[in-house]
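Descriptive analysis of the structure
In case you want the letters, here they are:
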Amino acid sequence: MTDLESRARKDYERAREVFAELGVDTDRALKALEGVSLSLPCWQADDVGGFEGREGGPGGGLQVTGSRPGRPRNPEELRADLSKALSLVPGRHRVNLHAMYGEFGKGADRDRIAPEHFQGWVDWARSAGAGLDFNATCFAHPKAEAGFTLASPDEGIRSFWVEHVRRAREVGAWMGRELGETCLHNLWIPDGTKDLTTLRFRSRERLFESLDRIYAERFDPGELRDSVESKLFGIGTEAFTAGSHEFYLLYAMERGIFPCLDTGHFHPTESVADKVSSLLLFFPELLLHLSRGIRWDSDHVVILEDALEETACEAVRAGALDRIHWALDFFDAGLNRVGALVLGARAVQKALLSALLEPVEKMREREEEGDRFGLLALRESWKELPSGAVWRYFCLEKGVPFGEALAEEVETYEREVLLKREG
Ligand code: RNT
Ligand code: ZN
């Protein structure tokens, strides 16, 4: 055992005692943390590029900035990067794929995607021991350029996208069957307008109809589950977004699917953490796209900050950790690509751990007795406790680096693998 390791163990023993004084069982917290699989966005690694050979950015209001070299150029390189990222995130996790990441050989348009295009991913997932989630890709395509897909006034365009999403769900269900665990299919569309519109009602009516054509097909929930992702606005859809929060909440409720809340898709002062408890009362499960918007839905890499911690706390306080699907959604092309994935995923785990270490029982007691000062004082003193020691012990037990060794490993990979790709 190295010095660092034996210190980490000793620190954990101390931390365990300190938390126990507050009635918190650190071993139990770590067990619970171990049970949470995160879904890592494959698109962070290559700037939402995909493998269809298209030039230009993703469009649809998604804006990737930065020009860090090392972008994976093909599925093998992307999978190598994802394997590296997964090896640095303690626990067992999932990869979130978009339809644009299929291996299309001679080419297949979006309304022709089929399981065979994703065989390579399933084989990889099996050998990497990772789960897979899936998304239809309703952007980065000439038929999405007019700004409308499933809500388009053009029936031909609508049908094209209905067929794409229908097939995407079939691919997802196939993945679920192949891997023997549910694949989550999430739908986000870019539809909206930049300015004045007379088409709010009609667009939403059309979207409603298209969704019904898509979700008419039912799958075994052991293979596929469905979520729909709302958005307040995007670049180019500042005035109107067809798939708003209200729209999808009600649609999901009505049709027995569930909502996805992307933490970058609300007004900047709106608290997504606050929404969790309400939704949990009405939906059996929820998908979260954890992102970090700065001033707008900028999709910055997730780091440990209050909004994230509060969201994790709300899930744990509601006793609903296992009813939430924890996915990450960001893309920053300005920094170490694999490093971004790893930092983001570990930040979510740290937030969850912190939530699991909260002395909820004691806090609740004080609050229910009307002791508001006592509640705040307890929460503040809890912040002084060594939760970092618990996290480091978790990393140690799972055989992943912690402290500065993490950055070193990520930087070495970038130097030895990513940066060699440019030549
Ligand atoms: C877009 C949504 C959506 C995408 C990914 C690529 O605003 O957040 O989830 O980021 O599907
Ligand atoms: Zn999202």
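Since the structure is predicted, the reported quantities are computational estimates derived from the model, not experimental observations.

Re the side chain of Ser39
Mapped onto the fold, Ser39 is located in strand S1 (residues 38-41). Within the structure, the side chain of Ser39 is placed 2.8 Å from the side chain of Asp133, a separation counted as a polar contact.

Structural notes on helix H4 (residues 119-128)
Taken as a whole, H4 has its buried residues at Trp121, Val122, Trp124 and Ala125. Down the axis of H4, the buried set is contained in an arc of 165°. They therefore lie on one face. Remark: Gly129 follows H4 within two positions and exhibits a positive phi of approximately 65°.

Points about the sheet that holds S1
What holds strands together in a sheet is hydrogen bonding between their backbones, with the strands either parallel or antiparallel. Strand order in the closed barrel formed by 8 strands is S1-S2-S3-S4-S6-S8-S9-S12, and the pairing between neighbours is parallel. Sheet twist, expressed as the mean angle between neighbouring strand axes with direction ignored, is 30°. The sheet strands contacting helix H8 (residues 272-282) are strand S8 (258-262), strand S9 (286-290) and strand S12 (324-328), and the helix crosses S8 at an angle near 175°. Seen against the sheet, helix H10 (residues 337-356) touches S1, S9 and S12 and runs at an angle of roughly 155° to S1.

Focus: a nonpolar patch on the surface
A cluster of nonpolar side chains, namely Met253, Leu281 and Phe282, defines an oily patch on the protein surface of about 370 Å² accessible area. Following the sequence through the fold, Met253 ends up in helix H7 (residues 245-255).

Details of the layout of surface pockets
Empty space left among the atoms is revealed by rolling a probe the size of a water molecule over them. The volume enclosed by the largest pocket comes to roughly 920 Å³. Lining the largest pocket are 43 residues, with Ala32, Val36, Leu321, Asp322 and Leu356 positioned closest to its centre. Of all the elements, S12 adds the most residues to the lining of the largest pocket, at 4 residues. A per-class count over the lining of the largest pocket returns 20 nonpolar, 11 polar and 12 charged. Here the second largest pocket is characterised by a volume of approximately 770 Å³. Lining of the second largest pocket is provided by 38 residues; of these, Glu305, Asp306, Ala307, Leu308 and Glu309 occupy positions nearest its centre. Mapped by element, the contributors of at least two residues to the lining of the second largest pocket are H8, strand S10 (292-294), strand S11 (296-300), helix H9 (306-317), H10, helix H12 (372-382) and helix H13 (387-398). The element best represented in the lining of the second largest pocket is H9, accounting for 6 residues.

Description of the nonpolar core
The nonpolar side chains of soluble globular proteins are, as a tendency, buried together. Ranked by internal contacts, the top residues of the largest apolar core, which has 139 residues, are Trp121, Leu150, Met175, Leu187 and Trp326. No other element matches the 12 residues that H10 contributes to this core. Setting aside its immediate chain neighbours within four residues, Leu187 contacts Ala136, Cys138, Leu150, Val165, Leu211, Tyr215, Ser227, Val228 and Glu229.

A word on a positive patch on the surface
A contiguous patch of positive charge, built from Arg7, Lys10, Lys350 and Arg392, is present on the exposed surface. The residue Lys10 is located in helix H1 (residues 3-20) in this model. By relative accessible area, Lys10 is classed as exposed at 59%.

Digging into the environment of Leu88
On the secondary structure map, Leu88 appears in the loop between helix H3 (75-87) and strand S2 (94-98). Here Leu88 falls in the buried class, since its relative accessible area comes to 1%. Measuring from C-alpha to C-alpha, the distance between Leu88 and Phe402 comes to 9.2 Å, with 314 residues separating the pair along the chain. Aside from chain neighbours lying at most four places away, what touches Leu88 is Val342, Arg346, Val400, Pro401, Leu406, Glu409 and Val410.

Describing H3
For H3, which comprises 13 residues, the first-to-last C-alpha distance of 18 Å matches the rise-based estimate of 18 Å (1.5 Å per residue) to within 8%. Along H3, the positions that sit buried rather than exposed are Pro75, Glu77, Leu78, Arg79, Asp81, Leu82, Lys84, Ala85 and Leu86. In this structure, the buried side of H3 is in contact with S1, S2, H4, H10 and helix H14 (404-418).

Quick notes on the pairing of S2
Here is the key point about a regular strand: its side chains alternate between the two faces of the sheet. Burial of S2 is extensive: 5 of the 5 residues sit out of reach of the surface. Viewed along the sheet, the connection from S1 through H3 into S2 turns out right-handed. Sheet topology places S2 next to strand S3 (residues 131-135); 5 bridges connect them, and they run parallel. Residue pairing across strands places Asn96 opposite Asp133, the latter belonging to S3. Between S2 and its parallel partner S3, the chain crosses via H4, and the hand of that crossover is right-handed.

Examining the environment of Gly236
Following the sequence through the fold, Gly236 ends up in the loop between strand S6 (224-229) and strand S7 (240-241). Once the C-alpha coordinates of Gly236 and Thr193 are considered, the two residues, 43 residues apart in sequence, prove to be 6.6 Å apart. Aside from chain neighbours lying at most four places away, what touches Gly236 is Thr193 and Lys194.

Section: the site of ligand 1
Taken together, the neighbourhood of ligand 1 is formed by Trp43, Leu62, His98, Trp188, Glu229, Lys231, Asp262, His265, His289, Asp297, Asp329 and Phe331. In the environment of ligand 1, an oxygen atom lies 2.7 Å from a nitrogen or oxygen atom belonging to the side chain of Lys231. Within the contact set of ligand 1, an oxygen atom lies 2.7 Å away from a side-chain nitrogen or oxygen of Asp329. In the complex, 99% of the free accessible area of ligand 1, which totals 310 Å², lies under the protein chains. Grouping the constituent residues of the shell around ligand 1 by class yields 4 nonpolar, 3 polar and 5 charged.

Examining the pairing of S6
Here S6 lies mainly inside the structure; 5 of its 6 residues are buried. The pairing of strand S4 (residues 183-187) with S6 spans 5 bridges and is classified as parallel. Bridge pairing in S6 places Asn186 opposite Ser227. Here 3 bridges tie S6 to S8, and the two strands are oriented parallel to one another. Note on S8: the bridge partner recorded for Ser227 is Phe258.

What counts, and at which threshold
Residues numbered from 1 in each chain as written. Chains lettered and ligands numbered in written order. Predicted model: local features only at pLDDT ≥ 70, side-chain atom pairs only at ≥ 80, totals over all residues. Heavy atoms only, no water. Helix = DSSP H or I, 4+ residues; strand = E, 2+ residues; numbered from the N terminus. Polar contact = N/O pair within 3.5 Å; in protein donor to acceptor, adjacent residues only side chain to side chain. Buried < 20%, exposed > 50% of the residue type's maximum accessible area, 1.4 Å probe, protein only. Arc of directions from axis to C-beta. Pairing = 2+ DSSP bridges. Axes fitted to C-alpha atoms, helices over the stretch in contact; angles between N-to-C directions. Contact = heavy atoms within 4.5 Å. Patch = residues over 30% accessible without salt bridge, like charges linked within 9 Å, V, L, I, M, F, W, Y side chains within 5 Å. Areas by Shrake-Rupley, 256 points an atom, 1.4 Å probe, with all protein chains shown as cover. Salt bridge = Lys/Arg side-chain N within 4 Å of Asp/Glu carboxyl O. 1 Å grid on protein atoms, 1.4 Å probe; cavity = no way out; pocket = protein on both sides within 12 Å on 5 of 7 lines; lining within 4 Å. Points joined across faces, edges and corners; volume = space filled by probe spheres on them. Nonpolar A, V, L, I, M, F, W, Y, C, P; charged D, E, K, R; others polar. Core = buried A, V, L, I, M, F, W, Y, C linked by side-chain atoms within 4.5 Å. Lys, Arg positive; Asp, Glu negative; His and termini not counted. Charge placed at Lys NZ, Arg CZ, Asp CG, Glu CD. Expected span 1.5 Å × (residues − 1). Right-handed = clockwise from strand over helix to strand, strands pointing away. Near = heavy atom within 4 Å.

These results come straight from atomic positions and should not be treated as a statement about function.
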